[in-house]
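Residues per chain, in single letters:
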Amino acid sequence: MSEELVNADIRLAQTLPSEFYTDTGLFAAQRNAIKSAWQFVGSSEQFTSAVSPLPHLDALLNEPMIRTNDDGIVRLLSNVCTHRGMVMCHEETDKKTIQCPYHGRTFGCDGRLKHMPGFEQALDFPTQTDNLPSFHLKNWNGLEFMTLKAELELDALLQPVQERTGWFLNGLKHDAERDRDWDINAHWMLYVDNYLEGFHIPFVHPELNDALDTKGYTTECFEHGVLQVGLAAADEVCFDLPETSIDHGKRVGAYYWWLYPNLMLNVYPWGVSVNIIVPTSAATTRVLFRSYVKHADLLDQGAGAELDKVELQDQFVVENCMKGMRSASYERGRYSPTHEQGVHHFHRMISSLK
Ligand code: FES
Ligand SMILES: [Fe+2]
């Protein structure tokens, strides 16, 4: 696919053709981009068991995994039994021996095969391939990320996030009560497109619009992502920014980070809402909200309030755009040069996939 499908000059560019949202071949390439990316695992403090299955990573990557904690040594291991491929753990457990429920093979929390009944006469057994494979896992400010392919250093991906908002990202506590799993009848890229512009806020989100000073809304594009900064309306909650912040002196109400291709970190004065976009088919998407609270007293205030309502408002437009993508009368549109730089950046990135 030509990189110039979307012109580098936003003033001239056309948006992606609608087949990008309907074609199953293109969808397979997009899934591969997700498989190559860093994915969010969770916060270290939210994992309290020796063995924790990670179903969202299975859904994203077709790779069943467990996070193990072996007296402080944290690992990400395959959850697929090396005998005949059974997925082993479905619930958290504090047992430090992982036993396959199919034929009883056992593994340690380090992934090493411990025991296998009925293999006394097997020759050249066990070998290294009988142990559970492990995956790259990295801790960043207490938040854990993983990748199947370490093509890009996590620090390089997160450098802009660290520089701008790293000062805030400590002491976050997972609040499972605030987690949500949303199922949406739309292609995953429509969800990302919608996220990447604040252009629609006055039309789609009247309550959020009241909480923001929409004239102060900015979009910045980075090599691997986009940052949108929303300034708080007068009387609405904003960050107490340190003098070292380049935003010091501004009344910032929200930092909206998107990291290519399917991760969003929404940094609000109350804490961080992580959105993980899981494409479940070319026409359906599951969006996971995971909430990490720092200042509980600021919950339900300002731009970070009423997230469920805002989400449903977004889903309405995203699902209706999906209907539009299937219409024979629509092929592609144009970008607002002042409001849709983030969407343009994403489209340039995703359309360059081989
Ligand atoms: S598949 Fe696990 S022991 Fe057979
Ligand atoms: Fe929105």
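Residues numbered from 1 in each chain as written. Chains lettered and ligands numbered in written order. Predicted model: local features only at pLDDT ≥ 70, side-chain atom pairs only at ≥ 80, totals over all residues. Heavy atoms only, no water.

**Details of the pattern of salt bridges**
Scanning all chains against the criterion turns up 17 salt bridges. In this structure, the salt-bridge partner of Asp181 is Arg290, at a minimum N-O distance of 3.0 Å. Placement of Asp181 in strand S11 (residues 180-184) and of Arg290 in strand S17 (residues 284-293) is noted, with a sequence separation of 109 residues between them. Across the salt bridge formed by Lys309 and Glu207, the nearest N and O atoms sit 3.2 Å from each other. Here Lys309 is found in helix H7 (residues 307-325), whereas its partner Glu207 is found in helix H6 (residues 206-211), with 102 residues between them in sequence. Note on Glu207: relative accessible area 30%, which makes it partly exposed. Counted as one network, the salt bridges with shared partners bring together Arg164, Glu220, Asp247 and Lys250. (Salt bridge = Lys/Arg side-chain N within 4 Å of Asp/Glu carboxyl O. Helix = DSSP H or I, 4+ residues; strand = E, 2+ residues; numbered from the N terminus. Buried < 20%, exposed > 50% of the residue type's maximum accessible area, 1.4 Å probe, protein only.)

**Concerning the environment of Thr48**
The residue Thr48 is located in the loop between strand S1 (39-43) and strand S2 (51-53) in this model. When sequence neighbours within four positions are dropped, the list of residues in contact with Thr48 reads Glu92 and Asp94. (Contact = heavy atoms within 4.5 Å.)

**Structural notes on the domain arrangement of the chain**
Assigned domains within the chain: domain 1 (3-35 + 155-350) and domain 2 (39-140). For domain 1 and domain 2, the distance between their C-alpha centres works out to 33 Å. Between domain 1 and domain 2, the residue contacts involve 20 residues of the former and 13 residues of the latter. Summed over both sides, the interface of domain 1 with domain 2 buries roughly 1,400 Å², with 61% coming from carbon and sulfur. The largest contributions to the domain 1 side of the interface with domain 2 come from Arg31, Lys35 and Tyr292, which together make up 27% of the buried area. Taken together, the connections running from domain 1 to domain 2 amount to 1 salt bridge. A salt bridge links Lys138 to Asp155; the shortest N-O distance between them is 3.7 Å. (Domains from an automatic or database assignment. Buried area = accessible area lost by both parts, 1.4 Å probe.)

**Quick look at the sheet that holds S1**
Pairing within the open sheet is antiparallel, and its 3 strands lie in the order S1-S9-S8. Each end of this open sheet is capped by a strand with a single partner; those strands are S1 and strand S8 (136-140). Going across the sheet, the axis of each strand differs from the next one's by a mean of 30°, ignoring polarity. As paired elements, S1 and strand S9 (residues 143-147) share 4 bridges and run antiparallel to each other. (Pairing = 2+ DSSP bridges. Axes fitted to C-alpha atoms, helices over the stretch in contact; angles between N-to-C directions.)

**Some points on the pairing of S17**
Counted residue by residue, S17 has 8 buried out of 10 residues, so it is predominantly covered. Note that S11 and S17 share 5 bridges and pair antiparallel. If you follow Ile184 over to S17, its bridge partner there is Thr285. Where strand S16 (residues 271-281) lies against S17, 10 bridges are found, and the strand directions are antiparallel. Counted as the bridge partner of Ser273 is Ser291 from S17. Between the antiparallel neighbours S16 and S17 lie 2 residues.

**Quick word on the environment of Ser329**
With respect to the element layout, Ser329 can be found in the loop between H7 and helix H8 (341-350). Given the relative accessible area of 73%, Ser329 is considered exposed. Engagement of the side chain of Ser329 in a polar contact is seen with the side chain of Ser327, the distance being 2.7 Å. (Polar contact = N/O pair within 3.5 Å; in protein donor to acceptor, adjacent residues only side chain to side chain.)

**Describing the coordination of the iron ion (ligand 2)**
Bound to the iron ion (ligand 2) on the protein side are His200 (NE2), His205 (NE2), Asp314 (OD) and Asp314 (OD), at distances that span 2.0 to 2.7 Å. Read in sequence order, the donor residues coordinating the iron ion (ligand 2) give the pattern H-x4-H-x108-D. Each of the two residues, His200 as well as His205, counts as buried. (Donors = N, O, S within 2.8 Å, 3.2 Å for Na, K, Ca; no water.)

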